[in-house]
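Notes for the structure review
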Amino acid sequence: MESKRNERLSRLRVAVCAACKRLPSAGLVVGHAGNVSGIDRAAGRVVIKPSGIDYDLLQPEDLVEVDLATGAVVDGDLRPSVDLPHHLFLYRNLPEIGGVVHTHSTYATAFAIQERAIPVCCTGIADVFGGEIPCAPYADNVADHIGRAILATISVAPAVLLAKHGVFCWGSSVAKAIYHAEQVEQAARTVHLAMQLGPVQSLSQTQVAMWNDRFQHRYGQVRNEPTVGSAAMNLPTMASVEE
Ligand SMILES: O=C(CO)[C@@H](O)[C@H](O)COP(=O)(O)O
């Protein structure tokens with residue numbers, strides 16, 4: 001029993017470490033910005049990036065393991081990401097999620113600086129997000145202010161922009177959370193370009209629902225894992241972590 005739990009947690013460390021390394025390689029962060037975490041709900045543990053660490057040097061054993069209920073560090077010599085309280089807040093309030101990613105990716109943060117949602121104005125955004133990517137009002141970094149701002153803003157999309165700050169995304173696994181972070185930036189870049197050409201109009205709710213339903217339920221293969229993200233990165237999914 002104990003060995004299965006330890007095995008799960010070490011696989012989670014591998015997944016979170018690989019996802020961390022994906023942030024700079026996908027162009028979603030510069031320097032030490034951003035962070036990734038994953039959760040093992042059966043163990044009640046969150047594994048998160050250490051604060052201010054070089055992504056190049058990061059190893060699974062460097063990650064910090066935290067107790068979900070208390071927020072106490074239970075394994076790791078390094079200080080956890082400064083954004084740990086927001087990750088914990090999301091895990092405590094969104095029981096279905098398995099991974100959280102925070103970035104300052106360029107185009108998405110440009111929308112956040114303008115305090116503007118990314119509209120659902122093309123089929124790719126409808127597919128992945130099922131609606132606009134909303135923007136939460138500015139929140140300072142004290143206590144659970146950022147977590148509360150995100151929670152109050154969530155609609156259907158597994159992502160929220162944070163005014164004057166960046167992006168928080170999540171998913172049922174670490175791999176899906178990273179996939180959503182990549183897709184947010186792709187959406188922001190595309191919509192930004194479209195806006196240079198003239199005003200953009202959102203798709204109707206009916207059209208958004210049709211595209212999203214097909215993508216979420218009939219696109220790809222039976223497990224419908226994202227074909228970019230977990231497969232391309234060969235990351236373990238939360239399902240395999242839970243096996
Ligand atoms: O947005 C922030 C801090 O407000 C973070 O994304 C930092 O850019 C990275 O912090 P660590 O995860 O390294 O502590």
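This write-up is about the structure you can find in this document. (Residues numbered from 1 in each chain as written. Predicted model: local features only at pLDDT ≥ 70, side-chain atom pairs only at ≥ 80, totals over all residues. Heavy atoms only, no water.)

Take the overall build of the protein chain next. For the protein chain, the helix and strand inventory stands at 9 helices and 8 strands. Since a compact globule built from 243 residues should have a radius of gyration of about 18 Å, the 17 Å found for the protein chain is in line with a globular shape. Counting across all 243 residues of the protein chain, residues that qualify as buried make up 49%. Partitioning the contacts of the protein chain with sequence separation of at least 6, the portion at a separation of at least 24 is 64%. (Helix = DSSP H or I, 4+ residues; strand = E, 2+ residues; numbered from the N terminus. Rg over C-alpha atoms; globule rule 2.2 N^0.38 Å. Buried < 20%, exposed > 50% of the residue type's maximum accessible area, 1.4 Å probe, protein only. Contact = heavy atoms within 4.5 Å.)

Turning next to the pattern of salt bridges. Scanning the model with the defined rule gives 10 salt bridges in all. Lys164 is the partner of Glu115 in a salt bridge, and the nearest nitrogen-oxygen pair spans 3.2 Å. Taken together, the residues span a long stretch of sequence, with Glu115 in the loop between helix H3 (106-113) and helix H4 (123-129) and Lys164 in the loop between strand S7 (159-162) and strand S8 (166-171) at a distance of 49 residues. Of the residues examined, Glu115 reaches a relative accessible area of 43% and is grouped as partly exposed. On the accessibility criterion, Lys164 (48% relative accessible area) is partly exposed. Shared partners join several salt bridges into a network, and the residues in it are Arg13, Arg45, Glu65, Asp67 and Asp75. (Salt bridge = Lys/Arg side-chain N within 4 Å of Asp/Glu carboxyl O.)

The next point concerns the nonpolar core. Val36, Ile118, Ile133, Leu161 and Val184 are the most contacted members of the largest nonpolar core, which totals 46 residues. For this core, the secondary structure elements donating two or more residues are helix H1 (2-25), H3, H4, S7, S8, helix H6 (174-197) and helix H7 (205-217). A per-element tally of this core places H6 first, with 9 residues. In this structure, Leu161 is in contact with Ala108, Phe111, Ala112, Arg116, Ile118, Ile133, Pro134, Cys135, Ala136, Gly166, Val167 and Val184, ignoring residues within four places of it in sequence. (Core = buried A, V, L, I, M, F, W, Y, C linked by side-chain atoms within 4.5 Å.)

Attention now moves to the sheet that holds strand S2 (residues 45-48). Ordered in space as S4-S3-S2-S1-S5-S8-S7-S6, the 8 strands form an open sheet in which the pairing is mixed. The two strands at the open ends of the sheet, each matched to only one other strand, are strand S4 (73-75) and strand S6 (135-136). Looking at chain direction, S2 and strand S3 (residues 64-67) are connected through 4 bridges and run antiparallel. Paired with Val46 across the bridge in S3 is Val66. Strand contacts of H3: S6, S7 and S8, with the helix running at about 60° to S7, the strand carrying the most contacts. Sitting on the sheet, helix H5 (residues 145-153) is in contact with S6, S7 and S8, with an inclination near 125° to S7. (Pairing = 2+ DSSP bridges. Axes fitted to C-alpha atoms, helices over the stretch in contact; angles between N-to-C directions.)

Put simply, H1 and H6 touch, their axes get as near as 9 Å, and they point 10° apart. Relative to H6, the element H1 is oriented roughly parallel. Together, Leu12, Ala15, Val16, Ala19, Arg22 and Leu23 of H1 and Val174, Ile178 and Glu182 of H6 make up the contact between the two elements. Tallied by class, the residues present in the contact of H1 with H6 amount to 7 nonpolar, no polar and 2 charged. (Parallel < 35°, antiparallel > 145°, perpendicular 65-115°, else oblique. Nonpolar A, V, L, I, M, F, W, Y, C, P; charged D, E, K, R; others polar.)

This part covers the state of the cysteines. Summed over the entire model, instances satisfying the criterion amount to 0 disulfides. A disulfide-free cysteine, Cys122 has its sulfur positioned 5.2 Å from the sulfur of Cys121, the nearest such atom. (Disulfide = S-S within 2.5 Å.)

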